[in-house]
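Structural features, examined
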Amino acid sequence: MADVTVDQVADAMFDLVSSMKGKRDLKPMDVSKQMMEKFGDEVDKKMCKKALRTLIDSGRLTYKYAGGSYVTLPEA
Amino acid sequence: MTEMKYKTPLLDELEKGPWPSFVKEIKKEAHRPMVQDVLGQVERSYEEHISHWKHGGLVGVMGYGGGVIGRYSDLAHEFTNVAEFHTHRVNQPSAWFYTSDALRTLCDIWDRHGSGLTNMHGSTGDIVFLGSTTQAIEPLFKDLTAAGWDLGGSGSNMRTPSCCVGPARCEWACYDTLDACYNITQNFQDELHRPFFPYKWKFKFAGCPNDCVASIARSDCSVMGTWRDEIQVNQAKVLEYAKTVDIENEICDFCPTRCIEWDGKTLEIDNSNCVKCMHCINVLPKALKPGKDRGATILIGGKAPIVGGALLCSVFVPFLEMDPDSDYEDLKELTEAIWDLWGEHGKMRERVGEFIQRVGMSNFLEEIGLDPIPEMVMAPRSNPYIFFDDEIFETEE
Ligand code: HEM
Ligand code: HEM
Ligand code: SF4
Ligand code: SF4
């Protein structure tokens, strides 16, 4: 696979969180771990943090607090 | 005085007596409808012995995962003005030094956007703004940042670090707590605003083992000033003290390791056995002071009893240099190693101290890459079934 971009990771994260909507809340670390599994060596924690940040800053995803911190889709 | 919307006989009790009263202070702001409803709802809680604040949800400013704590009334139909009553944490300056101008700016901003009620300061150290609507959150944040302020931490992130007054006013400070606190706050902005941990992480910086910020009980990482050479003694001043202080009973006998001797003329300290408890220095401040080779002990794992029980920090690194010119690189490196390990393997809502208890200190140390040392032992084992390695006996001979 060619070099993975931050945007690709962000899109994959977004798909993951969307697919889990209503089933299970995911923590930022859960999302990142799954990305590192999916993309293998090409993606590290730093890159995941960047991808997460673009998602949050653009408003595609948002943080939520319920005892601990989670990432989720913004309320419509 | 503003007329009160609700009768609050229970709260009124708390205005009696010579001490400060939060009820008295809240009533000063009772010209606001929001504050009237706070009084009404809190009185109700006192009657019913139950909180009517709901917690959590999706509030915050764009891009941040912390700093605003969602609070809602579960009696919103009745106390409509506190239906939304969110808490804002504002990152305080190191050791809480303000100019009066800074305080006025903060108060003016808060007057414009919220209830006017503050808590100076919350137990994390932040300036706490109590009670705004959801709609007010972004405009408040905009005004705060324009004036040079920022939100602090909440949720599973690095919480706003705080420090004792340190060298600004205290001669016992063994390092510059204000600078270290500021440096770490700036360095870990991402961790402060974007939750990535299993649970909260608190840093507190104390200049000496007197620990005026109670870091050992209240933080996951306590950075406590210490020294590794000799306590500085001014014998002439000790003699002075001897006129009014019973040195033998009040100093020597209270030294936890009994490493001080007093013959009526000279005070002798066996520094190799001093455990830096500060007792002798606290009682004889003009005669004794910490040594000159100063730095900090790094302790890990304290917490208050929210999920599990309370824990105190225990020693992790006995001595770390805290030279501002080094940019605290060693502390940062150690912190990141711990965050990586705990971040990856910690369970949801598991503080680092609980994590260490679960996986075992020896495994934790091995993963971080530190060797175990005697200073890490909180108390020696009282169990007699201890099997020494042979080589220990050999070197003893
Ligand atoms: C005359 C009989 C016994 C004597 C003299 C004896 C003595 C001791 C001593 C001195 C200790 C260490 C206490 C310490 O840590 O300060 C100990 C620990 C222990 N004993 Fe006994 N014991 C006896 C019988 C038993 C029996 C019958 C059992 C179980 C069936 C038992 C189970 C244990 C256990 C589990 C510990 C470990 C506690 C710990 O390490 O936390 N003992 N015993
Ligand atoms: C799942 C079962 C068990 C668990 C979780 C357990 C746990 C422990 C622990 C945590 C200690 C303290 C070790 C230390 O402080 O270094 C200990 C010591 C001890 N246990 Fe157990 N134990 C179990 C079963 C047993 C059984 C079945 C016996 C005896 C029939 C036993 C006898 C002892 C003794 C005598 C000690 C003291 C050993 C020493 O101090 O050196 N334990 N055990
Ligand atoms: S912790 Fe020590 S250095 Fe800091 S203010 Fe207290 S006595 Fe002074
Ligand atoms: S600081 Fe505490 S342990 Fe050290 S000499 Fe003084 S009293 Fe003893």
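Every value quoted in this text rests on a predicted model; they were computed, and no experiment measured them. (Residues numbered from 1 in each chain as written. Chains lettered and ligands numbered in written order. Predicted model: local features only at pLDDT ≥ 70, side-chain atom pairs only at ≥ 80, totals over all residues. Heavy atoms only, no water.)

As for the interface of chain B and chain A
Contact with chain B, which involves 22 residues of that partner, is made by 23 residues of chain A. Between chain B and chain A, roughly 2000 Å² of surface is buried when both sides are summed, and carbon and sulfur atoms account for 60% of that area. The largest per-residue losses of area from chain B upon contact with chain A belong to Leu-58, Phe-196 and Met-348 of chain B, which jointly make up 36% of the total buried on that side. Inspection of the chain B/chain A interface yields three salt bridges. A salt bridge links Lys-49 of chain A to Glu-191 of chain B; its shortest N-O distance comes to 3.3 Å. Counting across the chain B and chain A interface gives five residue pairs in polar contact (both at pLDDT 80 or more). For the side of chain B that touches chain A, the residue count by class is seven nonpolar, nine polar and six charged. (Contact = heavy atoms within 4.5 Å. Buried area = accessible area lost by both parts, 1.4 Å probe. Salt bridge = Lys/Arg side-chain N within 4 Å of Asp/Glu carboxyl O. Polar contact = N/O pair within 3.5 Å; in protein donor to acceptor, adjacent residues only side chain to side chain. Nonpolar A, V, L, I, M, F, W, Y, C, P; charged D, E, K, R; others polar.)

Concerning the confidence of the model for chain A
Taken residue by residue, chain A gives an average pLDDT of 89. The fraction at 70 or more is 96%. Highest mean pLDDT in chain A belongs to helix α1 (residues 6-19) of chain A (94); lowest belongs to strand β1 (residues 62-65) of chain A (88). (pLDDT = per-residue confidence, 0-100. Helix = DSSP H or I, 4+ residues; strand = E, 2+ residues; numbered from the N terminus.)

Details of the confidence of the model for chain B
Of all residues in chain B, 95% have pLDDT values of 70 or greater, and the mean over the chain is 93. Here the predicted complex scores 0.80 on pTM and 0.78 on ipTM.

Side note on the packing of aromatic side chains
All names here are of chain B. All chains considered together, the criterion is met by 15 aromatic pairs over all chains. Geometrically, the ring pair formed by Trp-53 and Phe-85 is stacked, given 5.0 Å between the ring centres and 15° between the ring planes. Of this pair, Trp-53 sits in strand β1 (residues 53-55) while Phe-85 sits in the loop between β3 (71-73) and β4 (87-90), and the two are 32 residues apart along the sequence. Given a relative accessible area of 26%, Trp-53 falls into the partly exposed group. With relative accessibility at 7%, the residue Phe-85 sits in the buried group. (Phe/Tyr/Trp six-rings, centres within 6.5 Å; stacked < 30°, edge-to-face > 60°. Buried < 20%, exposed > 50% of the residue type's maximum accessible area, 1.4 Å probe, protein only.)

Some words on helix α13 (residues 352-359) of chain B
For an α-helix, 3.6 residues make a turn, and residues three or four places apart therefore share a direction. Residue and element names in this part refer to chain B. Along α13, the positions that sit buried rather than exposed are Val-352, Gly-353, Glu-354, Phe-355 and Ile-356. Contacts from the buried residues of α13 go to β14 (294-300), α12 (329-345) and α14 (361-368). Downstream of α13 by one or two residues, Gly-360 has phi in the positive range, about 95°.

With respect to the sheet that holds β4 of chain B
Residue and element names in this part refer to chain B. With respect to topology, four strands assemble into an open sheet ordered β2-β4-β6-β5, the strand pairing being antiparallel. Among the strands making up the open sheet, the edge pair consists of β2 (68-69) and β5 (117-120). As judged from the four bridges shared by β5 and strand β6 (residues 127-130), these two strands associate in the antiparallel manner. If you follow Met-120 over to β6, its bridge partner there is Ile-127. Across the sheet, helix α4 (residues 100-113) touches β4, β5 and β6, and the angle it forms with β6 is around 20°. Running at roughly 15° to β4, helix α5 (residues 137-146) makes contact with β2, β4 and β6 of the sheet. (Pairing = 2+ DSSP bridges. Axes fitted to C-alpha atoms, helices over the stretch in contact; angles between N-to-C directions.)

Comments concerning the pairing of β1 of chain A
Residues and elements named next belong to chain A. Relative to strand β2 (residues 69-72), β1 is paired through four bridges, and the arrangement is antiparallel. Paired with Tyr-65 across the bridge in β2 is Ser-69. Following β1, the chain reverses through three residues before pairing antiparallel with β2; Gly-67 in that reversal takes a positive phi of roughly 85°.

A look at the side chain of Lys-332 of chain B
Residues and elements named next belong to chain B. Relative to the elements of secondary structure, Lys-332 occurs in helix α12. A residue is classified by how much of its surface remains accessible, and Lys-332, at 5% relative accessible area, is buried. Setting aside residues no more than four positions away along its own chain, Lys-332 makes contact with Asn-183, Ile-184, Asn-187, Phe-188 and Asp-327.

Describing the side chain of Arg-159 of chain B
Residue and element names in this part refer to chain B. By the element assignment, Arg-159 lies in the loop between α5 and β7 (162-163). In this structure Arg-159 is buried but unpaired, with Asp-126 as the nearest side chain of opposite charge at 7.1 Å. Setting aside residues no more than four positions away along its own chain, Arg-159 makes contact with Arg-89, Thr-124, Gly-153, Ser-154, Leu-192, Lys-200, Trp-201 and Lys-202. (Lys, Arg positive; Asp, Glu negative; His and termini not counted.)

Comments concerning the domain arrangement of chain B
Much of the literature gives interface size as the accessible area that the parts lose upon coming together. Residues and elements named next belong to chain B. Under the domain assignment, chain B is made up of domain 1 (9-146), domain 2 (162-227 + 294-376) and domain 3 (232-289). Using only C-alpha atoms to locate each centre, domain 1 and domain 2 end up separated by 30 Å. If you look at the interface, domain 1 gives 13 residues, while domain 2 gives 17 residues. A per-residue breakdown of the area domain 1 buries against domain 2 is headed by Tyr-64, Ser-94 and Phe-97, which together make up 37% of the total. Our count for the domain 1 to domain 2 interface comes out at zero salt bridges. Along the contact surface separating domain 1 from domain 2 lie four residue pairs in polar contact (both at pLDDT 80 or more). (Domains from an automatic or database assignment.)

Quick word on the sheet that holds strand β15 (residues 314-320) of chain B
All names here are of chain B. Ordered by their spatial adjacency, five strands build an open sheet running β7-β8-β9-β14-β15, and the pairing between neighbours is mixed. Single-partner strands in this sheet number two, and they are β7 and β15. Here strand β9 (residues 221-227) pairs with β14 via seven bridges, running antiparallel. Its bridge partner being in β14, Met-224 is matched across the sheet by Thr-297. Strands in contact with helix α6 (residues 177-187) are β7 and β8 (203-206); relative to β8, the strand with the most contacts, it is inclined by about 165°.

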